[in-house]
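Report on the structure
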Amino acid sequence: MLQDFQPTESYARQLDGQDPLYAFREEFYIPEGTIYLDGNSLGLCSRRAEQSLLLMLESWKQHAIDGWTEGKYPWFYLSEELGARMAALVGAKKEEVVVTGSTTVNLHQLVSTFFRPEGKRTKIVADELNFPSDIYALQSQLRLHGLNPADHLIRVRSRDGRLLDEDDLIHAMTEEVQMVILPTVLYRSGQLLDMERLVKAAHERGILIGFDACHSIGAIPHRFSEWGVDFAFWCTYKYLNSGPGGVAALYVNEKHHGRVPGLAGWFSSRKDKQFDMKHELEHAENAGAFQIGTPHVFSTAPLIGSLEIFAEAGIDRIREKSLRLTRYLMLLIESELAEWGFSIGNPLEDDRRGGHVCLEHDEAVRICKALKAEKVVPDFRAPHVIRLAPVALYTSYHEVWEAVQRLKTIMVEKKYEQYEKVRGVVA
Ligand SMILES: Cc1ncc(COP(=O)(O)O)c(C=O)c1O
Ligand SMILES: Nc1c(O)cccc1C(=O)C[C@H](N)C(=O)O
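Since this is a predicted model, take the numbers as computed values, not measurements. Just so you know, the residues in each chain are numbered from 1, in the order the chain's sequence is written. Chain A is the first chain written and ligand 1 is the first ligand written, with later ones labelled in order. Per-residue local features are limited, in this predicted model, to residues with pLDDT of at least 70; the limit for side-chain atom pairs, both in listing and counting, is 80 or more; totals at the level of whole chains, interfaces and linings are taken over all residues. Excluding hydrogens and water, the side-chain values take into account all heavy atoms of the structure.

1. Side note on the overall build of the protein chain
This is how it is decided: The helix and strand labels rest on DSSP assignments: H or I over at least four residues marks a helix, E over at least two residues marks a strand, and numbering proceeds from the N terminus. Radius of gyration means the value over C-alpha atoms here, while the globule rule gives 2.2 Å times the residue count to the 0.38 power. Each residue is placed in one exposure class: buried if its accessible area under a 1.4 Å probe, protein chains only, is under 20% of its type's maximum, exposed if it is over 50%, and partly exposed if it falls in between. The contact criterion used throughout is that any non-hydrogen atoms of two residues lie within 4.5 Å. For every accessible area listed, the method is Shrake-Rupley and the probe measures 1.4 Å; residues are considered covered only by the protein chains on display. As used throughout, the charge tally considers Lys and Arg to be positive and Asp and Glu to be negative, leaving His and the chain termini uncounted. Each charge is placed at NZ for Lys, CZ for Arg, CG for Asp and CD for Glu.
Counting its regular elements, the protein chain contains 14 helices and 13 strands. Here the C-alpha radius of gyration of the protein chain, 22 Å, is about what a compact globule of 427 residues would show, namely 22 Å. Counting only C-alpha atoms, the protein chain reaches 70 × 55 × 40 Å along its principal axes. Per-residue burial for the protein chain yields a buried fraction of 56% across its 427 residues. Contacts spanning at least 24 positions in sequence make up 73% of the contacts within the protein chain whose residues lie at least 6 apart. Accessible surface, the protein chain as shown: approximately 18100 Å² in total, 51% of it carbon and sulfur. Computing the positive centroid from 49 side-chain charges and the negative centroid from 60, the protein chain places the two 2 Å apart.

2. Side note on the site of ligand 1
Where we set the bar: Only a single heavy atom is needed: when it lies within 4 Å of a molecule or strand, its residue is near that molecule or strand. Any N or O atom pair separated by 3.5 Å or less is treated as a polar contact, with the protein-specific requirement of one donor-capable and one acceptor-capable atom, and with residues adjacent in sequence counted only for side-chain atom pairs. The residue classification treats Ala, Val, Leu, Ile, Met, Phe, Trp, Tyr, Cys and Pro as nonpolar and Asp, Glu, Lys and Arg as charged. All others, Gly included, are polar.
Taken together, Ser-102, Thr-103, Thr-104, Phe-131, Asp-134, Asp-212, Cys-214, His-215, Tyr-237 and Lys-238 make up the full set of residues near ligand 1. Note that a nitrogen atom of ligand 1 is positioned 3.3 Å from one of the side-chain N or O atoms of Asp-134. Across the complex, the protein chains shield 82% of the 390 Å² of accessible surface that ligand 1 would expose by itself. Partitioning the shell around ligand 1 into residue classes produces three nonpolar, four polar and three charged.

3. Some details on the sheet that holds strand β2 (residues 97-99)
This is how the line gets drawn: We call two strands paired when DSSP finds no fewer than two bridges between them. Angles run from 0 to 180 degrees between N-to-C directions of axes, and those axes are lines fitted to C-alpha atoms, restricted for helices to the stretch in contact.
The seven strands lie next to each other as β2-β8-β7-β6-β5-β3-β4, forming an open sheet whose pairing is mixed. Strands with a single pairing partner mark the edges of an open sheet, and in this sheet they are β2 and β4 (153-156). In this sheet, neighbouring strand axes are inclined to one another by 20 degrees on average, regardless of whether the strands run parallel or antiparallel. Direction of pairing for strand β5 (residues 177-183) relative to strand β6 (residues 208-212): parallel, over a ladder of five bridges. Paired with Pro-183 across the strands is Asp-212, a residue of β6. Strands in contact with helix α3 (residues 75-90) are β2, β7 (231-234) and β8 (249-252); relative to β2, the strand with the most contacts, it is inclined by about 125 degrees.

4. Quick look at the domain arrangement of the protein chain
Test applied: Boundaries between domains were set according to an automatic or database domain assignment. Salt bridges, as used here, are contacts in which a Lys or Arg side-chain nitrogen is within 4 Å of a carboxyl oxygen on Asp or Glu.
You can read the domains of the protein chain as domain 1 (9-46 + 314-412) and domain 2 (51-311). Each of domain 1 and domain 2 was reduced to a C-alpha centroid, and the two centroids are 28 Å apart. The partner domain 2 presents 28 residues to the 36 residues of domain 1 that form the contact. Counting every contact that joins domain 1 to domain 2 gives two salt bridges. Notably, a salt bridge pairs Glu-360 with Arg-162, separated by 2.4 Å at the nearest N-O pair. Between the two partners, domain 1 and domain 2, sit 14 residue pairs in polar contact (both at pLDDT 80 or more).

5. Notes on the site of ligand 2
By nearness alone, every residue bordering ligand 2 is listed as Ser-41, Phe-131, Tyr-187, His-215, Tyr-237, Lys-238, Arg-381, Arg-387 and Val-426. The side chain of Lys-238 places a nitrogen or oxygen atom 2.6 Å from a nitrogen atom of ligand 2. Taken domain by domain, the makeup of the shell around ligand 2 includes at least three residues from each of domain 1 (9-46 + 314-412) and domain 2 (51-311).

6. Quick word on the pattern of salt bridges
Working definition: two side chains of opposite charge can pair if their charged atoms are close together. Evaluated as defined, the whole model comprises 34 salt bridges. A salt bridge links Lys-408 to Glu-336; the shortest N-O distance between them is 3.4 Å. Of the two residues, Lys-408 sits in helix α14 (residues 397-412) while Glu-336 sits in helix α12 (residues 315-336), which places them 72 residues apart along the sequence. Assessed through its relative accessible area of 14%, Glu-336 is described here as buried. Note that Lys-415 and Glu-413 form a salt bridge whose closest N and O atoms lie 3.8 Å from each other. Its relative accessible area of 21% is what places Lys-415 among the partly exposed residues. Through salt bridges with shared partners, a single network forms among Glu-27, Arg-48, Glu-308 and Glu-312.

7. Some remarks on the side chain of Ser-189
Mapping Ser-189 onto the fold places it in the loop between β5 and α8 (195-204). With relative accessibility at 3%, the residue Ser-189 sits in the buried group. A distance of 2.8 Å separates a polar atom in the side chain of Ser-189 from the backbone oxygen of Arg-162. The contacts of Ser-189, once residues within four sequence positions are left out, are Arg-162, Leu-163, Gly-345, Asn-346, Pro-347, His-356 and Cys-358.

8. Some words on the packing of helix α4 (residues 103-114) against helix α5 (residues 132-144)
Our working definition: Left-handed describes a crossing whose near helix is turned anticlockwise from the far helix through less than a right angle; right-handed describes the clockwise counterpart.
Viewed as axis vectors pointing N to C, α4 and α5 meet at an angle of 35 degrees, and their least axial separation amounts to 10 Å. As α4 runs across α5, the sense of the crossing is right-handed. For the pair formed by α4 and α5, the contact residues are Thr-104, Leu-107, His-108, Val-111 and Ser-112 on the first element and Ser-133, Asp-134, Ala-137, Leu-138, Ser-140 and Gln-141 on the second. Across the contact of α4 with α5, the residue classes tally to four nonpolar, six polar and one charged.

9. Some remarks on the packing of aromatic side chains
The condition is simple: By convention, a stacked pair of Phe, Tyr or Trp rings (six-membered ring in the case of Trp) has centres within 6.5 Å and planes under 30 degrees apart, an edge-to-face pair has planes over 60 apart, and any other such pair is tilted. In this analysis the charged atom, NZ for Lys or CZ for Arg, is taken to sit over a ring once it is within 6 Å of the ring centre and within 35 degrees of the ring normal.
Taken as a whole and judged by the stated rule, the model has 19 aromatic pairs. Where Phe-224 meets Trp-234, the ring centres are 6.4 Å apart and the plane angle is 45 degrees; that geometry is what we call tilted. You can see Phe-224 sitting in helix α9 (residues 224-227) and its partner Trp-234 sitting in strand β7, a full 10 residues away along the chain. Overall, the relative accessible area of 0% leaves Trp-234 in the buried class. Every member of this aromatic cluster is reached through a ring pair, and the members are Trp-68, Trp-75, Phe-76, Tyr-77, Trp-266, Phe-267 and Phe-275. In this structure, Arg-47 packs its charged tip against the face of Tyr-29, placed 4.4 Å from the ring centre. We note Lys-271 situated over the ring of Phe-76; from NZ or CZ to the ring centre the distance is 4.4 Å.

Below, the structure written as structure tokens:
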């Protein structure tokens, strides 16, 4: 890939000229003069997401209560409908996915449903690099079972503070473990785990396994059904561009359909029974059973337009471009910034890398501030990581080239020294 790499502006233009996804950039609102490399935290607004949100408002104006069953996208079926449309992105059957809740709420729901400590099997395996919200949720779930998280939550150690080794994860899958929860892609280093291998190892040991796919959804194809992943959950506001607070999604393998939801509510019902208003729940026989209450329609609506873009672009083409973009960025860093004390913290191999580059530097916090002042938007993750996510649908190769030039100027002119060495409230 990129065998003929050159660090020149004309080479960047040449790559843009060959990019089959280039036109999708026009779909997005790119803040004026800004190179946006933070789509792994909050994706950009697209015109189609905006239109679908407006369409929902219109539906409220026109149909009032009847909007639940009328209009172009009846609200009562929207979560299932969008789950079905999203299923291709995770390699699942349509009825295995539903759009609902938030990442953390969905994790609570799935652990409430699937964590059944019995006999010796009372532990959950996670890892020490996972996003804090997942760890808090798991700790609180263990407490609800009267179990002490200090002994029952096994956080597998990283050997280098950046990456996880599948051998270590598998080694932790002992006879005391009932469930494993891991990220698909690590939020800081961008490492992509070998899910297929981990699922196989967990199942051989009689353990259930679920994934937090926040950092892979919309960037990487998945094959959840084929691999036999038990369950998964993810947000939609990163690479899927559903907007701040956009409603999340979950996947439950069809072999588990029929399970009673751990956290039930009337939206867990079979659709045809819900308005019978009985006190005995007849839960849906698909992923819809893991919904709880009334869907957040306006926070779901942008996904309608956003998913259309994904259907047109195709996740395989998106992954291919994303890999080229991150490879290109790494080559530029190597060639342009070699003398400035940066190191690359993400895996270099294509099949181990997610959608962002993890650039490490002792001055990361101040460099991030200087980048923002130069209208390049990265994000900072303590203690020394600058995350740079060129997004296949809206980042051009020229922007990647330009961002590295601006970073080089920041280093040459020591522009970062004018900033305080403290992170922002939201980094
Ligand atoms: C990997 C991961 N898990 C969980 C979360 C928490 O998601 P939420 O705040 O939407 O529940 C995030 C992002 O905020 C994340 O990146
Ligand atoms: N969910 C976020 C929020 O509410 C505010 C700011 C950032 C976020 C994020 O999603 C951060 C992201 N999960 C991360 O990988 O760090």
